Amino acid sequence: MTALPPVTATPPSTRPTVTVDNAVLARLARISSGSLTTQLYKRGFRQPVLVGLKPLQGARVPRFAGRAFTMRMIPAREDIDTYATLTTTPNADNLQWVGVDQTLPGHVMVIDSRNDASAASMGHMLVTRMRQRGVQAVVTDGAFRDGSELAQGDLPAWSAGV
């Protein structure tokens, strides 16, 4: 049996904290996406949308607003990312875990998968961990694993596929 690599402690976040009052977020969660898109357009944001995403919860998905915590997924290298390097606990050798562990209450995890739904951005285990951390929703232009479990959950999950 091959020995597992040593686990590196998860580093603290170095991201600056963006302060948005919770009352502002509550108001944003109540307005229509069209109104919000128009206001963003007036302020110079010409393409403030991810196209083709659907809520895994269907029509029962709740509205939400939060501070974006962004990650970009990159293709796995099969010569490096092997079963031996798979980690099931948070550590700095797995940047996805690092990102999940740096989320704060009120965040919305937004994952740029470069419109590639051929590999999953994450699954039920990490989404559940983020829900426990107070994350408001998770959004990807890629795909999720464990779609039926996520669809049953109460954390809004939007994706291009499962």
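Conventions we followed
- Residues numbered from 1 in each chain as written.
- Predicted model: local features only at pLDDT ≥ 70, side-chain atom pairs only at ≥ 80, totals over all residues.
- Heavy atoms only, no water.
- Salt bridge = Lys/Arg side-chain N within 4 Å of Asp/Glu carboxyl O.
- Helix = DSSP H or I, 4+ residues; strand = E, 2+ residues; numbered from the N terminus.
- Buried < 20%, exposed > 50% of the residue type's maximum accessible area, 1.4 Å probe, protein only.
- Pairing = 2+ DSSP bridges.
- Contact = heavy atoms within 4.5 Å.
- Axes fitted to C-alpha atoms, helices over the stretch in contact; angles between N-to-C directions.

Another point: the pattern of salt bridges. Applying the stated criterion across every chain yields a total of three salt bridges. With its nearest N and O atoms 2.7 Å apart, the salt bridge here joins Asp-101 to Arg-129. Of this pair, Asp-101 sits in helix α3 (residues 95-102) while Arg-129 sits in helix α4 (residues 124-132), and the two are 28 residues apart along the sequence. In this structure, the salt-bridge partner of Asp-154 is Arg-131, at a minimum N-O distance of 3.4 Å. With a gap of 23 residues between them, Asp-154 in the loop between α5 (147-152) and β5 (157-159) and Arg-131 in helix α4 connect regions that are remote in the sequence. When its relative accessible area of 33% is taken as the criterion, Arg-131 is described as partly exposed.

Sheet strands line up and pair through hydrogen bonds in the backbone, either parallel or antiparallel. Taken in spatial order, the five strands line up as β1-β5-β4-β3-β2 in an open sheet, and their pairing is mixed. Strands with a single pairing partner mark the edges of an open sheet, and in this sheet they are β1 (54-55) and β2 (67-72). Bridge count for strand β4 (residues 137-140) against β5 is two bridges, and the pairing is parallel. Counterpart to Val-138 in the pairing with β5 is Ala-157. Sitting on the sheet, α3 touches β2 and β3 (107-112), and the angle it makes with β2 is about 175°.

Spatial relationships are all this shows, so hold off on functional conclusions.
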